[in-house]
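Residue-level listing of the chains:
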Amino acid sequence: MKTDELIINMGPVHPSTHGVLRFKLTMDGEIIKKCEVVMGYLHRGTEKLGEMKTYLQFVPYTDRLDYISAFPNNYAYVKAVEEIAGIEVPLRAEYIRVLTLELNRIVNHLVMLGSLLLDLGASTMIMYGFRERENALQLFEMLCGARMTFNYIRPGGVREDMPEGFIPKLNEFIKDMEKRIDDYEQLISGNEIFLGRMKGIGVMSAQDAINYGMTGPSLRGHGVNYDIRKIEPYSVYPDIDFKACMHDGCDSFARYMVRIDEMRESLHILRQVVDAMPEGKAITYAKYGIAPITGAPTAASTYFPRIFAPPPGEVYSRIEAPKGELGFYIVSDGTIKPYRIKIRSPSFCNLTAIPKMVEGLMIPDLIAAFGTIDVVLGDVDR
Amino acid sequence: MNPAEEIKQLFPDSVLSTGLQMNKPLAIIKKEELLKVAQKAKEMGFDHLSVITGIDYGSRFEVVYNFFSYIKKQNLVLKVVLGHENPEVDSLESLWKGADWLERETYDLVGIKFSGHPNLKRILLPEGWIGHPLRKDYDMSIDQFVTIGEDGEDVVSTDGSNLLRK
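It should be emphasised that the depicted structure is a prediction, and the values quoted were computed from it without experimental measurement. (Residues numbered from 1 in each chain as written. Chains lettered and ligands numbered in written order. Predicted model: local features only at pLDDT ≥ 70, side-chain atom pairs only at ≥ 80, totals over all residues. Heavy atoms only, no water.)

A short note on the interface of chain A and chain B
So, step 1. Each side of the interface is counted separately: chain A has 43 residues, and chain B has 47 residues.
So, step 2. Both faces considered, chain A and chain B share a buried interface measuring about 3,800 Å² in area, 57% of it formed by carbon and sulfur atoms.
So, step 3. Interface area lost by chain A to chain B is led by A:K48, A:N211 and A:Y339, which between them contribute 16%.
So, step 4. Summed over the shared surface of chain A and chain B, the result is five salt bridges.
So, step 5. Residue B:K121 is joined to A:E36 by a salt bridge in which the shortest nitrogen-to-oxygen separation is 3.2 Å.
So, step 6. One can count 19 residue pairs in polar contact (both at pLDDT 80 or more) joining chain A with chain B.
So, step 7. The greatest single-element share of the side of chain A that touches chain B, amounting to four residues, is contributed by strand β10 (residues 313-321) of chain A. (Contact = heavy atoms within 4.5 Å. Buried area = accessible area lost by both parts, 1.4 Å probe. Salt bridge = Lys/Arg side-chain N within 4 Å of Asp/Glu carboxyl O. Polar contact = N/O pair within 3.5 Å; in protein donor to acceptor, adjacent residues only side chain to side chain. Helix = DSSP H or I, 4+ residues; strand = E, 2+ residues; numbered from the N terminus.)

Structure, rendered in structure tokens:
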């Protein structure tokens, strides 16, 4: 029988692409022969905008990259700026930052689990995930007034100290969350249909995963014990006891399990952070070229410099964001605006592996594998 | 030993200078020799290509490659300097598959060509877009309108004619 290859467009608007992304699939019957990824529908030119803003003005733009987990975006950018400008950060601010980062990691994985299960046709998990996420978002709102776009971590510290009553609420959340993760495991991890859709699907060798530039939880599902918090420790992570979660199944299920373990590990970190939270200031002054804003300084400007000019130089600084290695490459020419900002986004680089990963699979498996890579399109297109 | 110095010892003619990018070892490579040096870097254990950055300095372009070694837990930065007219450098796609999209992105936004790349076309912006936005001389006053054509491919115009339904 004579058969022809069929080209199918999946997206740009498709419920399981988590945003506007298009797969151009060359199909042989039900089997994917070739997968081409077409992106850019959400491209906002963030890097170009960065060249036109002062260092501080760019912080809110980083919120909009990976909008599910904005704290790590804030922090990755701010860390690069602090490195290039030589800004010191008070210890309390670092602890508050780690608190937000880990809380955001849990939120990110809840959304990832919810949408993954929804893509597979199970709608329970997204309700559960978003229920717990709501509690976390209320904590974020308490902290900085925003639920998703925080603009909270600033060069030299955080915008303001934690409000009263935050820690008790956080403790409640941690206590609640512990039980919930066990519930999720009972609901999902042993489910036969789920296992059938996940185990042995989207397989890629560890070597390939590294070669394709995968990072973060997606890579740790391939048995590579690689966590930037461990190998290039930043902030107060060296003082905290935690382990990099790793599974060596190399398939979708292993990548899912890493997320479950990471949520537990994040809770473990949160508990330590709450116990060790030091007293002191939550924001400091920059050392370099603090130019006062024109006009009368407001209350805010006495707390941190609005405009500063780091010395000329280049820096590439990276952190372990919930989705993988998030890095900012900043070139300073000694003026108040960055000369060049390059964003190394984890979603973009992890997505590189998808065409290879799904060759020979069927479309529903593409959706499952794509779900476990955990991509946010704001982060891919920038 | 510092991997940048190691590379300089192995290829004294290919390395223009060594230094530091903040605290990461940096080697500036002759652009013709990049592929050879990168091959060696991969053999030295630098299996993770973190990021490729293209920078427009007005009179020249720089392309910066940030590597990391999972085995040695070391960083390495390679840099090539290109002339401003028709910047072109060898593609590293054959060594690191992750370079595929990173190079396409650099081509798309900065306009640096990577010779030997199997599929060097725009990735974030649609085909037909005028100019490379991250160049310093990019003209931001030109309006460009993008729609999806009947075959699913993007159509770009500067007068908005593609926005009207026929």
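Let us keep going from here.
Quick look at the environment of A:H14
Residues and elements named next belong to chain A.
So, step 1. Mapped onto the fold, H14 is located in strand β2 (residues 13-14).
So, step 2. For H14, a relative accessible area of 27% corresponds to the partly exposed category.
So, step 3. Setting aside chain neighbours within four positions, we find H14 in contact with G19 and I367. (Buried < 20%, exposed > 50% of the residue type's maximum accessible area, 1.4 Å probe, protein only.)

Quick look at the environment of B:K42
So, step 1. Mapped onto the elements, B:K42 comes out in helix α2 (residues 34-43).
So, step 2. For B:K42, a relative accessible area of 30% gives the class partly exposed.
So, step 3. Separated by 38 residues in the primary sequence, B:K42 and B:V80 have C-alpha atoms spaced 17 Å apart.
So, step 4. If near-sequence neighbours (up to four positions away) are discounted, B:K42 is found in contact with A:N211, B:L95 and B:W96.

Considering α2(B)
Each α-helix winds once per 3.6 residues, and so residues spaced three or four apart point in a common direction.
Residue and element names in this part refer to chain B.
So, step 1. Every buried residue of α2 is listed here: L34, V37, A38 and A41. Buried residues of α2, seen end-on, are gathered within an arc of 100 degrees and therefore sit on one face of the element.
So, step 2. Against the buried residues of α2 lie α1 (3-10), β2 (24-29), β4 (60-69), β5 (74-83) and β6 (88-90). (Arc of directions from axis to C-beta.)

Observations concerning the sheet that holds strand β12 (residues 340-344) of chain A
Residue and element names in this part refer to chain A.
So, step 1. Strand order in the open sheet formed by three strands is β10-β11-β12, with antiparallel pairing between adjacent strands. At either end of the open sheet lies a strand with only one pairing partner, and these are β10 and β12. Shown here is a sheet whose adjacent strand axes are inclined to one another by a mean of 10 degrees, direction ignored.
So, step 2. Relative to strand β11 (residues 324-332), β10 is paired through nine bridges, and the arrangement is antiparallel. (Pairing = 2+ DSSP bridges. Axes fitted to C-alpha atoms, helices over the stretch in contact; angles between N-to-C directions.)

Quick notes on the pattern of salt bridges
So, step 1. Under the defined criterion, the tally for this structure stands at 40 salt bridges over all chains.
So, step 2. In the salt-bridge network here, residues are joined through shared partners; they are A:E102, A:R105, A:R220, A:D227, A:R229, A:E262 and A:E320.

Some remarks on the packing of aromatic side chains
So, step 1. All told, the structure shown has 22 aromatic pairs over all chains when counted by the stated rule.
So, step 2. Between the aromatic rings of A:Y75 and A:Y234, the centroid separation amounts to 5.8 Å while the plane-to-plane angle is 35 degrees, which identifies the pairing as tilted. Taken together, the residues span a long stretch of sequence, with A:Y75 in helix α3 (residues 70-85) and A:Y234 in the loop between α10 (228-231) and α11 (252-276) at a distance of 159 residues.
So, step 3. Linked through ring pairs, A:F58, A:Y61, A:Y77 and A:F328 together constitute an aromatic cluster.
So, step 4. Taking NZ or CZ as reference, A:R131 lies 4.7 Å from the ring centre of A:Y128, over its face.
So, step 5. Positioned above the aromatic ring of A:Y339, the side-chain terminus of B:K136 is 3.9 Å from the ring centre. (Phe/Tyr/Trp six-rings, centres within 6.5 Å; stacked < 30°, edge-to-face > 60°. Lys NZ or Arg CZ within 6 Å of the ring centre and 35° of its normal.)

Description of the sheet that holds strand β4 (residues 22-28) of chain A
Residues and elements named next belong to chain A.
So, step 1. Ordered in space as β1-β4-β5, the three strands form an open sheet in which the pairing is antiparallel. Every other strand in the sheet has two partners, leaving β1 (6-10) and β5 (31-38) as the edge strands with one partner each. With strand direction ignored, the average angle separating the axes of adjacent strands in the sheet is 25 degrees.
So, step 2. Here helix α14 (residues 363-373) sits on the sheet in contact with β1, β4 and β5, set at roughly 145 degrees to β4.

What about the state of the cysteines?
Residues and elements named next belong to chain A.
So, step 1. As enumerated under the stated definition, the model contains zero disulfides over all chains in all.
So, step 2. Between C245, a free cysteine, and C250, which holds the nearest cysteine sulfur, the sulfur-to-sulfur gap is 17 Å.
So, step 3. Judged by its relative accessible area of 17%, C250 falls in the buried class. (Disulfide = S-S within 2.5 Å.)

A closer look at the pairing of β11(A)
Regular strands have side chains that alternate between both faces of the sheet.
So, step 1. The element β11(A) is largely enclosed, with a buried count of nine among its nine residues.
So, step 2. Count of turn residues in the β10(A)/β11(A) antiparallel hairpin: two residues.

Here's the deal with unusual backbone geometry
So, step 1. The backbone phi angle of A:C250 is positive, close to 60 degrees, even though this residue is not glycine.
So, step 2. In this structure, A:C250 sits in the loop between α10 and α11.
So, step 3. Even without glycine at this site, B:N86 takes up a positive phi of about 50 degrees.
So, step 4. By secondary structure assignment, the location of B:N86 is in the loop between β5 and β6.

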